[in-house]
Amino acid sequence: MKLILFGAPGAGKGTQASKIADRLGVPTISTGNIIREAIAAGTELGKKVKEYSNAGKLVPDEVVIGMLSERISRADCANGFILDGFPRTIAQAEALDALGVEIECALSLEVPDEDIERRMTGRRSCPACGETYHIIYNPPTSEGRCDKCSAELIRRADDAPETVQARLAVYHEQTEPVKAYYDAKGKLKTVDGRQAVEKVTEDAYAALGI
Ligand code: AP5
Ligand code: MG
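Fair warning: this is a prediction, and the values are worked out from it, not measured in the lab. (Residues numbered from 1 in each chain as written. Chains lettered and ligands numbered in written order. Predicted model: local features only at pLDDT ≥ 70, side-chain atom pairs only at ≥ 80, totals over all residues. Heavy atoms only, no water.)

A. Layout of the sheet that holds strand 1 (residues 2-7). Reading across from one edge, 2-3-1-4-7 is the order of the 5 strands in this open sheet, with parallel pairing throughout. The open sheet has two edge strands with one neighbour each: strand 2 (28-30) and strand 7 (188-192). Looking at each pair of strands side by side, their axes are set apart by 25° on average, direction ignored. Bridging between strand 1 and strand 3 (residues 81-84) involves 4 bridges; their strand directions are parallel. Paired with L5 across the bridge in strand 3 is D84. (Pairing = 2+ DSSP bridges. Helix = DSSP H or I, 4+ residues; strand = E, 2+ residues; numbered from the N terminus. Axes fitted to C-alpha atoms, helices over the stretch in contact; angles between N-to-C directions.)

This is how it looks when you write it as structure tokens:
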């Protein structure tokens, strides 16, 4: 199964992608995680994308499309994958089509802007495996440590309130039109992302029929 998880910054894409991926036994491909790993490792790619990512702006299409096409060509993607944070522009959606990727469903997690900031201020992320937590809504079993790999959790560089506002503006302007792109193909499904994490997961499974 090839799925797209769609939604505003902080809508819960990473949180739900992790659960759906475990259930389906396919990898999650988060372009945001790939970008943050490259920045942390100080690679050429990391140097190129750091200023965009930290300012909450989109990384140029050609850079992200190149990254994504390399990642989906690997063996672990043969039986499907979940895309978290890609495509984010119409050009990226068209590039996915041009690569011959048949998407079964674009699942949109719907959360209004006013709920986003408190999700971001309480978020803690694992720099090693990319798992996401919230100090109140979705805490790790052991404070400050990742449940999956035990690494020390961090706050993301782009979670400062002013950067979150910039990311929301970018989302509405450049990414929201991608919803209509998949709706026109009859592939868009929506879930109310304001509910508790477990209920969102339940609704996502029902929408996907898994
Ligand atoms: P990316 O990493 O994709 O960030 P994003 O889209 O802004 O989304 P987030 O990861 O912040 O949120 P999420 O929806 O995954 O929510 P989460 O599950 O963590 O992109 C970062 C940057 O990389 C971009 O700004 C850009 O620069 C660049 N980039 C990436 N992809 C790109 C692309 N394709 N093109 C160009 N540039 C690209 O949840 C958030 C918090 O809420 C957590 O604390 C979580 O525990 C909590 N939470 C989750 N669900 C619930 C719930 N139901 N109730 C209460 N709390 C919840
Ligand atoms: Mg995420």
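B. Spatial organisation of the site of ligand 1. Near ligand 1 there are 38 residues, and of these T15, K57, R88, Y133 and R167 occur at the shortest range. G85 places a polar main-chain atom, nitrogen or oxygen, 2.9 Å from a nitrogen atom of ligand 1. Listed by contribution, the elements that provide at least two residues to the shell around ligand 1 are helix 1 (13-24), helix 2 (31-41), helix 3 (44-55), helix 6 (113-121), strand 6 (132-134) and helix 9 (197-208). In terms of residue count, helix 2 provides more of the shell around ligand 1 than any other element does, 4 residues in total. Class assignment for the residues of the shell around ligand 1 results in 15 nonpolar, 14 polar and 9 charged. (Near = heavy atom within 4 Å. Polar contact = N/O pair within 3.5 Å; in protein donor to acceptor, adjacent residues only side chain to side chain. Nonpolar A, V, L, I, M, F, W, Y, C, P; charged D, E, K, R; others polar.)

C. Up close: helix 7 (residues 161-175). In this model, helix 7 (15 residues) spans 20 Å end to end at C-alpha, consistent with the 21 Å of a helix rising 1.5 Å per residue. Of all the residues in helix 7, the buried ones are T163, V164, R167, L168, V170, Y171 and T175. Burial along helix 7 is one-sided: seen end-on, the buried residues are contained in an arc of 165°. Counted as exposed and oriented over 90 degrees from the buried face of helix 7: E162 and E173. (Expected span 1.5 Å × (residues − 1). Buried < 20%, exposed > 50% of the residue type's maximum accessible area, 1.4 Å probe, protein only. Arc of directions from axis to C-beta.)

D. Geometry of the side chain of T201. As for its placement among the helices and strands, T201 is situated in helix 9. The class of T201 is buried, set by a relative accessible area of 7%. In this structure the side chain of T201 is engaged in a polar contact, spanning 2.9 Å, whose partner is the backbone oxygen of V197. Those residues within four positions of T201 in sequence are excluded, and the remaining contacts are Q16 and K19. (Contact = heavy atoms within 4.5 Å.)

E. How the structure looks around helix 8 (residues 177-184). Residues of helix 8 that are buried include every one of V178, K179, Y181 and Y182, and no others. Each buried residue of helix 8 lies within a common arc of 155° when the element is viewed along its axis, so the set occupies one face. Among the structural elements, strand 1, helix 5 (90-98), strand 4 (105-110), helix 7 and strand 7 are those in contact with the buried residues of helix 8. Phi turns positive one or two residues past the end of helix 8, at G186, with a value near 75°.

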